[in-house]
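# Working through the structure, step by step
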Amino acid sequence: MIMKKVMYCTMLLASMILSQSCSNDETEWNNDFPFNNGVNGGVSSSATSTGTLGDIGTFDIALNTESLTESETIPTDDNDYVENTKFSKSVSIVFNENGASFSGDIDGTGILVNNDGANVVITSTTSDFVAYTVSGSTSDGSLKIYSNKKFKLELAGVSITNSTGPAINIQSGKRVFVVLADGTTNTLTDGSSYTDYVSEEDMKGCFFSEGQLIFSGKGSLTVNSNCTSAKKWDADALQFESVTSSGIRSDDYIVIRPNTNIYVEASVGNGIKGNDALSIYGGVVNVKASGSAAKAISTDGHLLISGGRTTAVVSGSAAYASGEVSGSAGVKTDSTFTITGGELYVKNTGKGGKGISVDMTTSFQGGTVAVITTGTTYSYGSDDSKAKGIKADGNLEISGGSIKVRTLGGEGCEGIESKGKITITDGATQVYAYDDALNSKYDLYINGGLVYAQSQNNDAIDANQNLYINGGTTIALGAGTPENPLDAAEGYNIYINGGNVFGIGGSIAQTSSASKQASIAFTASLSGKDIGLLDASGNSMLYMQVPSTNLTAVFMTASGMTAGQAYTVKSDVSISGGSTWNGINATGTISGGTTLTTATAALQVGQGMGGGMGGGGGMPGGAPGGRW
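A brief report on the enclosed structure follows. (Residues numbered from 1 in each chain as written. Predicted model: local features only at pLDDT ≥ 70, side-chain atom pairs only at ≥ 80, totals over all residues. Heavy atoms only, no water.)

## Structural notes on the sheet that holds strand S52 (residues 566–571)
- Spatially, S54-S50-S49-S52-S56 is the arrangement adopted by the five strands of the open sheet, whose pairing is antiparallel. Single-partner strands in this sheet number two, and they are strand S54 (584–585) and strand S56 (594–600).
- Pairing of S52 with S56 involves six bridges; the strand directions are antiparallel. Paired with Ser-571 across the strands is Thr-594, a residue of S56. (Pairing = 2+ DSSP bridges. Helix = DSSP H or I, 4+ residues; strand = E, 2+ residues; numbered from the N terminus.)

## Observations concerning the pattern of salt bridges
- Taken as a whole, this structure holds 17 salt bridges when the rule is applied.
- Across the pair Arg-249 and Asp-251 runs a salt bridge, and its minimum N-O distance is 3.4 Å. Side by side, Arg-249 and Asp-251 carry an identical accessibility label, which is buried.
- When salt bridges with common partners are traced through the structure, they connect Asp-202, Lys-204, Arg-249 and Asp-251 into a single cluster. (Salt bridge = Lys/Arg side-chain N within 4 Å of Asp/Glu carboxyl O. Buried < 20%, exposed > 50% of the residue type's maximum accessible area, 1.4 Å probe, protein only.)

## A look at unusual backbone geometry
- Cis geometry is adopted by the peptide bond preceding Pro-482, which originates at Thr-481 and carries an omega value of 10°.
- Along the chain, the position of Pro-482 falls in the loop between strand S44 (473–477) and strand S45 (486–488).
- The residue Ser-322 is not glycine, and still its phi comes out positive at about 55°.
- For Ser-322, a relative accessible area of 79% gives the class exposed.
- The phi angle at Asn-582 is positive, at roughly 50°, despite the residue not being glycine.
- Within the fold, Asn-582 resides in the loop between strand S53 (574–576) and S54.
- Judged by relative accessible area, Asn-582 falls into the buried class, the value being 2%.

## Things to note about the nonpolar core
- Within the largest apolar cluster, 94 residues are counted, with the highest numbers of intra-cluster contacts made by Leu-153, Phe-207, Ile-248 and Ile-461.
- At five residues, the largest contribution of residues to this core is made by strand S7 (residues 151–162).
- Excluding residues within four positions of it along the chain, Ile-461 makes contact with Leu-438, Leu-444, Ile-446, Val-451, Ala-453, Leu-467, Thr-474, Ala-476, Pro-485, Leu-486 and Asp-487.
- With 29 residues, the next largest nonpolar core counts Ile-504, Ala-558, Val-569 and Leu-596 among its residues. (Core = buried A, V, L, I, M, F, W, Y, C linked by side-chain atoms within 4.5 Å. Contact = heavy atoms within 4.5 Å.)

Below is the structure:
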């Protein structure tokens, strides 16, 4: 932007006058920052700062199949719970290497069982609800079920490998209650191609169902998905077309309940896909996807996570197909995404890959989220896919929970990006990115919560319209000149209306004179220092343990700051009481230290078009206070 070019020239002149050391292109932050929480931990909070640097530059995410012990309330009026259906008929299928044996209600009951070796086909026309129990092992078999009623499918220690099609193929549009029998291990494996298909029947994955799949039970299920080209029947053309395969796929919706343990390894296609929706109420879900443009967990409809621990590890690169570039993703929904509880961990090492990609509204209301992307940009001709931690094509809202994102793959690799608005009202959001840490196409609001945003090579928090800070506590670490800790688009404004902010970068973008809370901006070398902001009466306003840096453009505001009032910034202070988060404390008592600068707060501070850095303080051996 033109504004940034003007700021660059002004900052360079100021740097020469003050003999300060500013980076022209890149920040030189140490990769370790004051994050005291690990990948599975909560937000660190203590009465005093310990000076211990955390793991934001090094934390990792890996698959974790350790079971959880979860409680669950069974609603009596919800048809998605197997407990609310009475099954009056039962059938047992026991696989062996060359065939299968059957028992139960199968003779003259409306339940027909046929098999060709270990390939078992069940056709149910009964008006009763049937419970099927499947066990045994085969390396050359399959299970297909036709049913005009919903049914229970209990996997009670079964292993099925089918080299020519799905291991389990449900040709019924009714609910399937998949119960993983307590203490059992179940394994499903398909082959690299599906050749054993029936006219007009879809075969879209290793475990495929036309109807809803609802998983429960305290056993485990492993799905090995290898198919390069699954089959979908085209009713208009009266022929099959090839589609991306999945490990677990429903052409309706998928529900995963607490205490389940599901592992999907997809070497080619997607991991778990619910066409209409995907809801994870609990359980342990692990998906490893390595194919080009693969999506570990996906749905065309709404995706909800409210409990459990979900981990997606993706390594596939983006790919060009059907006239466009498509990137891989740990989580992908063509509709909306909501997380209210539980844990979600995503790592994508693929070129142009996304951590979480949402086409519509994205809502973080609770739970723990951690995302890593390491891929660089994937290019095909003039088209490309850039790695993003969290990408929302609609509005993005954060109202609770803990979010941690790292994405360092190079230019265009942003931490959290919204093509709509970003609104943060609560929770703890921590982002470390090569490009913008937080970026919104439209307005960006920080109304509350805790925010840590750091960019290696761009602005920390960047709104492409207005930026409003109305509350909360924010740490914004931008890159070298002309990048800013806080930025709004040219022709728009930064409004400081409340809250606490510590920012540092190559320059300070100008705040609006229509702001409701005053701020200060100054230059100083603060690398590794404990600094404190105090009012004229010596009352504590804001404490910050500054990481290692060579940047010197500083912005500070604290709740209650008033324009025209003098404030003191001290170095080498101590903090007691209150709550320190990632080195910042707005509620403790500051003591000791030496005066670094005294500044008069103003509503409009920083660099604007043709303006100076207002609200600054006199620096020893530097320029006089007020302006550079």
